Amino acid sequence: MSDRKIVIFDTTLRDGEQSPGASMNIPEKLEVAQMLSALGVDVIEAGFPVVSPGDFESVQKIAGVVKGSSVCALARCKDRDIEAAWEAIKGAERPRIHVFLATSPIHREYKLRMTKEQVLENTAHFVKKAVSLCPDIEFSAEDASRTEIDFLCEVVEVAIRAGAKTVNIPDTVGYAIPNQFAEYIRALKTNVPNIDEAIISVHCHNDLGLAMANSMAAIEAGAGQVECTINGLGERAGNCALEEVVMALKTRHEYFKAYTDVVTRRLVPASCLVSGITGLDVPRNKAIVGRNAFAHESGIHQDGMLKNSMTYEIMRPEDVGFQKTDLVLGKHSGRAALNDKVTTLGYSLDQDQLNKLFEEFKVLTDRKKEIYDADIRALVQQILLKEVTNVSWTLESYSSTSATGKKPTTSIKLRRGDFVVETQSEMTTGDGPVDGIFLAICQLTGLDLKCREYRVHSVSVGHDAQGKVDVVIEFNGQEFRGQATSTDCIEASIMAFLDAVNRIAA
Ligand code: KIV
Ligand code: ZN
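As the structure is a computational prediction, the values presented were derived from the model and not from experiment.

So, how was this worked out
- Residues numbered from 1 in each chain as written.
- Chains lettered and ligands numbered in written order.
- Predicted model: local features only at pLDDT ≥ 70, side-chain atom pairs only at ≥ 80, totals over all residues.
- Heavy atoms only, no water.
- Axes fitted to C-alpha atoms, helices over the stretch in contact; angles between N-to-C directions.
- Helix = DSSP H or I, 4+ residues; strand = E, 2+ residues; numbered from the N terminus.
- Left-handed = near helix turned anticlockwise from the far one by under 90°.
- Contact = heavy atoms within 4.5 Å.
- Donors = N, O, S within 2.8 Å, 3.2 Å for Na, K, Ca; no water.
- Buried < 20%, exposed > 50% of the residue type's maximum accessible area, 1.4 Å probe, protein only.
- Pairing = 2+ DSSP bridges.
- Near = heavy atom within 4 Å.
- Polar contact = N/O pair within 3.5 Å; in protein donor to acceptor, adjacent residues only side chain to side chain.
- Areas by Shrake-Rupley, 256 points an atom, 1.4 Å probe, with all protein chains shown as cover.
- Nonpolar A, V, L, I, M, F, W, Y, C, P; charged D, E, K, R; others polar.
- Salt bridge = Lys/Arg side-chain N within 4 Å of Asp/Glu carboxyl O.
- Parallel < 35°, antiparallel > 145°, perpendicular 65-115°, else oblique.

S.K.: Would you mind going over the packing of helix α7 (residues 178-191) against helix α8 (residues 211-221) in detail, with residue names and values included?
M.R.: It is at 8 Å that the axes of α7 and α8 come closest, and there the two elements cross at 35°. Between α7 and α8 lies a crossing whose hand is right-handed. Residues P178, F181, A182, I185, R186 and K189 of α7 lie in contact with α8, whose contacting residues are A213, N214, A217, A218 and A221.

Below, the structure written as structure tokens:
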């Protein structure tokens, strides 16, 4: 029997964006969509168009630019949802509508107030409606893992008869256990007479930490599509992580006899881009893309690694986008070396972006002797992020002092187009340098802001490492993220606050 292809359906832009704190603006979503397409995912779930004009617009824009991957829009079993979904994706090279309806007793009784018969009728009716508009329809039985298996089989049969090409079995609340979930998939394969006319998909949430295990068990039982997100983003505890499924299938190919079309060396850049855009850090020990995923600390492990890396490494770091030699470039490195590094890190930048990167790189080499992969990634991300954020306020110059027993002083000069403003006298109101710059920015921009989060961490190693600052500020009851990187943490803090201010302006 030849190997099976597993369809990778990415929902970072829909379920992932439902993670608290992960909302993205339209240019950011476009950047992520293009990255997903270059990564080689088969289906990009771009959003839920009926939810808001912003969601509609972002799905429509993504549909207009993505080539190769299918672009999918989510819709409830409602006329207006399905019509909005189609309007938003009809310009896509490969459009898909994803229609869903809950099937479990608790959802039928309390949320939908529908009988089993009504669920079956609605499934047939709305899948047919979607089929009348779009050639590729996916149907999801929401909360499938808590649905009576006989009824789930009936629903799936009806959806396929109505024209669904993919039937998705979500573990909506992360309740399933691998063996039991695999049993569900096997039951569908055995009891649904027309099951061969559709691909079985799974969509697992991570409430019990079992999203990945459930997805793999389902693949083993015959599922042909996995729904997942970069870094495992998603509602509550998140969804199954794309990088984990992809690397499990690649690493244990002899076991699963299945493959995906994902370009695995783009996984780390994809993870960095999503974490950079959302401001949600990847835990150091996160499988595949965490900073420690390939770090060996114990002497016994290091000794084994030196003798043969296969002793303690089941995957090669370079296969997921980490580089073998981390210390890369320096003051004397030229354009060719930098461009080559960018390509090996998995980014595809255009000439303009490469020129900007080279300028920033030269500035950094004046400040810092040794440039690591993480530094290059941070520079690339700054450039990509600047392109997607409407840069309105920029920093011209600043000075800040603080000393034991003395009040900190801050003065800042900002530019907005041709308009330059600076603090009139040294500010002394802050209780430290960061508070001082924050208050100065409020004064200069005239905005009444509250600082909700402030985090700083080093991007690479060494005393001269760059610091990355992530902030969340509140304006008019709404939260805005900002981030920036610099070898000077105060400068990075000012730029991170300005990034957030620019998002308000945008
Ligand atoms: O978790 C879920 O059930 C969903 C559906 C809309 C597929 O996200
Ligand atoms: Zn979900």
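Alright, that's what it looks like, and here's the rest.
S.K.: So what's going on with the coordination of the zinc ion (ligand 2)? Residues and values would help.
M.R.: The coordination sphere of the zinc ion (ligand 2), as far as protein atoms go, consists of D15 (OD), H203 (NE2) and H205 (NE2), spread over 2.0 to 2.1 Å. Sequence positions of the residues that donate to the zinc ion (ligand 2) give the spacing D-x187-H-x1-H. Of this pair, D15 sits in the loop between β2 (7-10) and α1 (26-39) while H203 is found in strand β8 (residues 199-204), placing the two residues 188 residues apart along the sequence. By the burial criterion, D15 is buried, and H203 matches it.

S.K.: Run through the sheet that holds strand β18 (residues 478-486), naming residues and quoting values.
M.R.: Spatial ordering of the open sheet is given by β16-β17-β18, a layout of 3 strands whose pairing is antiparallel. Every other strand in the sheet has two partners, leaving β16 (450-458) and β18 as the edge strands with one partner each. When strand polarity is set aside, the average angle formed by the axes of neighbouring strands in this sheet is 15°. Pairing of β16 with strand β17 (residues 467-475), which is carried by 8 bridges, proceeds in the antiparallel orientation. Looking at β17, one finds that Y454 is bridged to V471. Packing of helix α17 (residues 489-505) onto the sheet brings it into contact with β16, β17 and β18, and relative to β18 it is tilted by some 145°.

S.K.: So what about the sheet that holds β8? Which residues, and what values?
M.R.: Taken together, the 8 strands give a closed barrel; going around it, the order is β2-β3-β4-β5-β6-β7-β8-β9, and neighbouring strands pair in parallel fashion. Within the sheet, the average angular offset between the axes of one strand and its neighbour, ignoring direction, is 25°. In the packing of helix α3 (residues 79-89) onto the sheet, the strands contacted are β4 (70-76) and β5 (95-102), and the crossing angle to β4 comes to about 165°.

S.K.: With reference to specific residues and values, describe the site of ligand 1.
M.R.: Around ligand 1 sit R14, D15, H98, F100, S140, E142, N168, P170, T172, H203 and H205, and those are all the residues in its vicinity. Contact distances for ligand 1 include 3.1 Å between an oxygen atom and a side-chain N or O atom of H203. In the model, an oxygen atom of ligand 1 is placed 3.0 Å from a nitrogen or oxygen of the H205 side chain. Protein chains shield 94% of the accessible area of ligand 1, which is 260 Å² for the free molecule. Of all the secondary structure elements, the ones that give two or more residues to the shell around ligand 1 are β5, β6 (137-142) and β7 (166-171). Its residues assigned to classes, the shell around ligand 1 comprises 2 nonpolar, 6 polar and 3 charged.

S.K.: I'd like to hear about the pattern of salt bridges, residue by residue, with values.
M.R.: Between side chains of opposite charge, pairing is possible as soon as their charged atoms come close. Following the criterion strictly, the structure yields 36 salt bridges and no others. Of the charged contacts in the structure, one is a salt bridge between E28 and R503, with a shortest N-O distance of 2.3 Å. One end of the pair, E28, is in helix α1; the other, R503, is in helix α17, with 475 residues separating them in the sequence. Of the two residues, E28 and R503, neither departs from the other in class, the shared state being buried. A salt bridge links R455 to D281; the shortest N-O distance between them is 2.7 Å. Within this pair, whereas R455 is found in strand β16, its partner D281 is found in the loop between α11 (267-278) and α12 (299-307), the two being separated by 174 residues in sequence. Assessed through its relative accessible area of 30%, R455 is described here as partly exposed. Beyond isolated ion pairs, a larger network of salt bridges with shared partners links E28, R481, D499 and R503.

S.K.: Could you give an account of the packing of α8 against helix α9 (residues 242-251), naming the residues involved and the relevant values?
M.R.: Packing of α8 against α9 leaves a shortest axis separation of 10 Å and a crossing angle of 45°. Classified by the interaxial angle, the pair formed by α8 and α9 is oblique. Crossing geometry of α8 relative to α9 is assigned as right-handed. Counting all contacts with α8, which are made through M212, M216 and I219, the residues of α9 involved are E244, V245, A248 and L249.

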